[in-house]
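Descriptive analysis of the structure
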Amino acid sequence: MMVLRFVWFSPLLLGILTSPSPKLSPTTSLNEDSWPCYIFNSGRSADCLGRRLDHVPWKHMPSTLVEVDLSYNELPAVLINDFSHLPNLRILQLQYNNISLIEDDAFQFNRLLEHLDLFNNSLREIPARALQPLTNLKHLFISNNIYQHATLATSFSRFLHLQTLSMGGPLVQGLKKGDFHPMKNIKLRSFAIKCSSNLSYYEPGSLEVIQTQFMGLDMAIDQRPNALTMMLQDLANKTFTVLQFRNLFEFKYYMEEIDIFSGLKYISANQLLFHRGKYNENLLRMALVNLKVSPVKMLRLQYIDFARSPTFEDSGLESSVTDLTLDRLDLWHISNPDILRFDWRFTWFNKIRQLSIQNVNFNFVPCDAWLQMSHVEDMDVSNNRLFDNALFNQRCEYYGTMPSLRSLNLSTNYLTSLRDISSLTKEFRLLQVLDVSNNHLGSAEKGKKCVWKQNITHFIAHHNPFESDALQCLPTTVQFIDLSYCDLDQLDIHYFEKTTHLKELLLSGNKIKFIPSDWKSSSLQSLALDGNSFGLISMASFQKMPQLSQLRAGNNPYHCTCDLHTFIQDNMSKGKVNITDWPINYKCYHPEALLNTLIAEYFPGHVACDIRLVVIICVVVTATVVLVLMLLCYTFNVAWYIKATYQIIRAKYRAHKEGTAESQTFAYDAFISYSHYDADWVRDQLLPCLETSKPPYNLCIHERDFMPGKWIIDNIIENIENSGKVIFVLSRHFVDSEWCNYELYFAQQRAIGKTFSDVILVVKEPIDPESLPSKYCKLKKMLHTKTYIEWPQQANQQAFFWAQVRSVLGKPFLTREQEAPSVSRKVSSVGFVSIIELPLEGGKPEIAMTQLNEDITLHLADALIQSDLQ
């Protein structure tokens with residue numbers, strides 16, 4: 001049987017008694033497959049735990065070692081060479097081996113050793129000679145070995161720095177007065193002694209010389225109950241932080257009437273602890289009665305075996321324990337809940353300030369129990385079997401009960417109804433902290449009509465299967481709420497609007513899929529949302545939480561977007577909200593290409609995430625494109641081409657609408673395109689030479705052949721299409737003419753899909769092609785690539801010019817009609833004709849017909865007369 005590893009509530013002694021010294025994180029290591037120990041901490045620490053070693057591998061241990069752990073191996077002995085090369089050794093763990101021999105000089109080179117643990121080995125005697133050089137020793141554990149006597153050698157008096165001593169074993173039959181005499185001048189922090197399960201002797205004064213803060217006595221007094229009286233006499237008038245009795249009665253219950261706890265009234269201890277052992281109501285009552293007049297402030301009974309005596313008789317209040325004043329009473333891990341009212345009453349709870357009843361398996365709270373706990377300020381009944389109807393009994397009167405209660409822990413029970421809990425606690429007028437975690441609360445049906453006392457500030461309900469609607473049943477006066485791991489998939493933001501004093505909210509480990517943008521909490525300062533299911537988070541998520549300063553939101557399936565990046569960067573720069581678990585718990589889940597990428601390493605780019613910059617760039621790019629297009633349109637006269645194309649389409653549409661069909665027979669041999677300023681040359685030179693030739697050519701000019709009353713564009717297009725060829729009389733005036741430009745463009749459109757053989761260029765005066773505007777790009781090309789006819793200024797060369805023109809025109813069409821023009825003309829009965837007003841050219845009308853031009857009138861009249869004669 002192992003000896004007690006002390007239960008010590010000071011953090012320092014907990015570290016000393018129950019755990020090895022802390023190891024630092026590894027910085028250097030050796031291959032564990034080829035080396036028996038793991039060397040780390042820059043060669044300062046060696047971990048050889050559990051390697052089934054049957055000898056100390058000292059050859060593989062560097063001389064720089066400060067800490068060596070050889071526990072849980074099969075070492076039979078400690079030899080002189082095992083640690084002789086480790087002069088800096090301070091911590092040596094040798095517990096749980098089979099060491100039966102330690103050579104006298106085994107530690108002579110380890111004079112700096114401070115911590116030596118030889119717990120649970122096979123030492124047949126206390127190794128006083130081997131320990132003698134260790135004058136710096138602070139913590140020594142030599143208990144649970146097989147030596148038979150607990151007598152310490154005089155050399156122990158040299159351990160002036162010793163703070164912890166644990167000794168004894170299952171074969172130590174008892175204690176003698178002189179066993180610990182060498183320790184009389186040493187002040188310990190912790191002392192523990194273990195004796196046989198059947199204590200054979202105890203001499204008064206054995207423990208008298210021990211000076212310690214923690215005293216642990218592991219000895220069964222089944223056969224010698226009076227030994228307890230002598231022990232308490234030895235400990236009288238001493239001051240302890242903790243006095244622990246372990247296994248006082250290991251095999252049988254104490255049935256005698258002698259009060260063996262009478263010496264407790266003289267014990268000055270902050271805490272008294274009974275660990276294991278058999279207790280009945282008689283023994284427990286003896287201890288409690290004596291504690292009433294002792295300075296002990298805290299009592300703990302843990303893992304004890306409680307049973308009622310078959311001969312116990314209830315004598316009423318006389319047998320009850322009253323006026324037991326304690327700061328704290330702990331009843332832990334006791335299988336029989338009858339211990340709560342061991343004397344059939346709860347009067348022993350009356351003046352307890354802090355009451356903790358854990359894992360006692362009680363499942364019913366009688367009505368009178370609430371009345372007997374009037375001084376209880378903090379009550380913990382966690383880890384029991386409490387159901388709703390057992391905790392809140394509607395037949396009980398709760399008014400005025402628990403007037404001092406400030407904190408109530410109901411965690412880890414079988415509670416399902418928030419309504420019942422609120423009904424119970426609404427009478428506890430000072431209650432501030434309520435813990436209902438690890439139950440089965442959260443049903444919306446059982447969460448209706450809750451009435452809470454308006455003073456609860458802390459509500460702890462983690463690990464409950466909450467429904468979202470059940471949040472409406474929670475108290476609204478809280479400053480702290482823990483709803484972690486409650487299976488919440490959405491939030492009832494209306495509830496949080498009511499919690500005007502809420503400062504800290506824990507929602508970790510739920511299934512929340514999104515953060516509502518209208519979540520409002522004016523007082524919230526700290527928020528935990530880690531381990532949920534939402535992937536989007538932005539500044540808008542918390543914009544209605546002006547006081548928020550701490551946020552924990554890691555371990556969520558984040559979508560790495562600009563909003564997330566902006567949120568993180570904004571917090572990093574402004575520092576308004578401190579993200580406490582940044583950055584290791586923040587990883588991308590979407591998109592797939594960024595899976596498991598740390599968000600801290602996600603940089604989408606400034607342009608992609610700054611909407612203002614995106615807008616500016618879009619505006620600038622759009623404006624630039626528009627300006628470029630405008631420049632191109634201006635340079636290449638795109639607007640003019642669009643306008644001309646529109647005119648063609650519109651003329652085609654009108655022609656189609658009027659039912660005119662294109663004729664495959666040309667009405668004219670050629671269409672003459674010329675500027676108004678070249679009209680004299682056309683009338684005086686070109687027309688006479690071609691129309692009077694043999695055979696004559698039928699030519700079309702706008703002054704004579706355009707149909708009055710018809711759109712000019714329609715006339716141009718129709719007559720170009722009804723002409724076999726198009727003659728352009730090129731001059732500087734032609735280039736400057738808007739309508740000549742139209743005619744040239746329409747001729748080009750006609751030639752699409754054909755060659756330009758139907759186009760005849762007659763250069764009336766020299767033109768530099770490079771000086772032509774950009775809209776005459778086709779004309780430029782024709783002047784560079786097509787042979788043109790140039791009008792000679794010398795009279796003797798002009799005959800050849802006309803021969804060239806007739807040659808290019810070819811023979812006149814034999815099938816053309818003889819009358820001119822080919823379209824019918826009509827004159828009104830009053831002698832008026834339709835008036836055509838040609839567009840301006842050079843600021844003046846090319847043909848102004850506000851009054852009938854005399855020549856045109858005569859020409860039209862002549863044409864009509866000829867038409868009537870025919």
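Here the structure is shown first, and the text comes after it.
Values in this document were obtained by computation on a predicted structure and should not be read as measured data.

The next subject is the state of the cysteines. By the definition in use, this model includes four disulfides. The partner cysteine of C367 in its disulfide is C396, sulfur to sulfur 1.8 Å. Here C367 and C396 share a disulfide; its torsion about the S-S bond, -70°, makes the bridge left-handed. Of this pair, C367 sits in helix α5 (residues 367-371) while C396 sits in the loop between α6 (388-391) and β22 (407-409), and the two are 29 residues apart along the sequence. The partly exposed category is assigned to C367, whose relative accessible area is 34%. For C396, a relative accessible area of 10% puts it in the buried group.

Here we take up the pairing of strand β17 (residues 298-302). For β17, the buried fraction is high: four of the five residues fall into the buried class. Two elements, β17 and strand β19 (residues 325-332), share five bridges in a ladder whose sense is parallel. Each bridged residue has a counterpart across the sheet, and for L301 the counterpart in β19 is L331.

With respect to the helices and strands, the residue S523 is situated in the loop between β26 (504-506) and β27 (526-528). Looking at S523, its side chain comes within polar contact range of the main-chain oxygen of T500, at 3.0 Å. For S523, the residues in contact, after removing those within four places along its chain, are T499, T500, H501, L502, K503 and Q547.

So, on to unusual backbone geometry. In this structure, P583 follows W582 across a cis peptide bond, with omega equal to 0°. Relative to the helices and strands, P583 resides in the loop between β30 (578-579) and β31 (588-590). That bond from K694 to P695 is cis: its omega, -5°, falls within 30 degrees of zero. Tracing the backbone shows P695 in the loop between α13 (679-691) and β33 (699-700). Positive phi, close to 55°, is recorded for N359, a residue that is not glycine.

Taken in spatial order, the five strands line up as β33-β32-β34-β35-β36 in an open sheet, and their pairing is parallel. The strands lining the two open edges of the sheet, one partner per strand, are β33 and β36 (789-790). Sheet topology note: the strand β35 (residues 759-763)/β36 ladder contains two bridges and is parallel. The residue bridging V763 from the neighbouring strand is E790, located in β36. Of the strands in this sheet, β32 (668-673), β33 and β34 (723-730) touch helix α15 (residues 712-721), which is tilted by about 120° from β34.

This next bit is on the packing of aromatic side chains. The tally for this structure, following the rule as stated, stands at 31 aromatic pairs. Geometrically, the ring pair formed by W370 and Y398 is edge-to-face, given 5.9 Å between the ring centres and 70° between the ring planes. Of this pair, W370 sits in helix α5 while Y398 sits in the loop between α6 and β22, and the two are 28 residues apart along the sequence. Measuring from centroid to centroid gives 6.3 Å for F671 and F706, while their planes differ by 15°, and the two rings are stacked. Of the two residues, F671 sits in strand β32 while F706 sits in the loop between α14 (702-705) and α15, which places them 35 residues apart along the sequence. F671 gets classed as buried once you look at its relative accessible area, which sits at 0%. Judged by relative accessible area, which is 8%, F706 ranks as buried. Ring pairing ties together the aromatic residues F245, F261, F274 and Y279, which thus form one cluster. The ring of Y303 has R276 lying over it, and the distance from NZ or CZ to the ring centre is 5.4 Å.

Where charged atoms of side chains with opposite charge meet at close range, the side chains can pair. Counted according to the given criterion, the structure contains 18 salt bridges. A salt bridge links R328 to D330, with the shortest nitrogen-to-oxygen separation between them at 2.8 Å. The closest approach of N and O atoms between D680 and R683, which form a salt bridge, is 2.7 Å. Of this pair, D680 and R683 both sit in helix α13, three residues apart, roughly one helical turn. For R683, a relative accessible area of 36% corresponds to the partly exposed category. If you follow the salt bridges from partner to partner, you end up with K194, D218 and R246 in one network.

Right, let's talk about the environment of F603 for a bit. The residue F603 is located in the loop between β31 and α10 (606-609) in this model. Taking the C-alpha atoms as reference, F603 lies 9.0 Å from C562; in sequence the two are 41 residues apart.

Our next topic: the nonpolar core. Among the nonpolar cores identified, the biggest contains 177 residues, and L116, M167 and L527 are the most heavily contacted of them. When residues no more than four places from it in sequence are discounted, the contact partners of M167 are I126, I142, S143, Y147, A150, L152, F180, F191, A192, I193 and K194.

Cut-off values and rules
Residues numbered from 1 in each chain as written. Predicted model: local features only at pLDDT ≥ 70, side-chain atom pairs only at ≥ 80, totals over all residues. Heavy atoms only, no water. Disulfide = S-S within 2.5 Å. Helix = DSSP H or I, 4+ residues; strand = E, 2+ residues; numbered from the N terminus. Buried < 20%, exposed > 50% of the residue type's maximum accessible area, 1.4 Å probe, protein only. Pairing = 2+ DSSP bridges. Polar contact = N/O pair within 3.5 Å; in protein donor to acceptor, adjacent residues only side chain to side chain. Contact = heavy atoms within 4.5 Å. Axes fitted to C-alpha atoms, helices over the stretch in contact; angles between N-to-C directions. Phe/Tyr/Trp six-rings, centres within 6.5 Å; stacked < 30°, edge-to-face > 60°. Lys NZ or Arg CZ within 6 Å of the ring centre and 35° of its normal. Salt bridge = Lys/Arg side-chain N within 4 Å of Asp/Glu carboxyl O. Core = buried A, V, L, I, M, F, W, Y, C linked by side-chain atoms within 4.5 Å.

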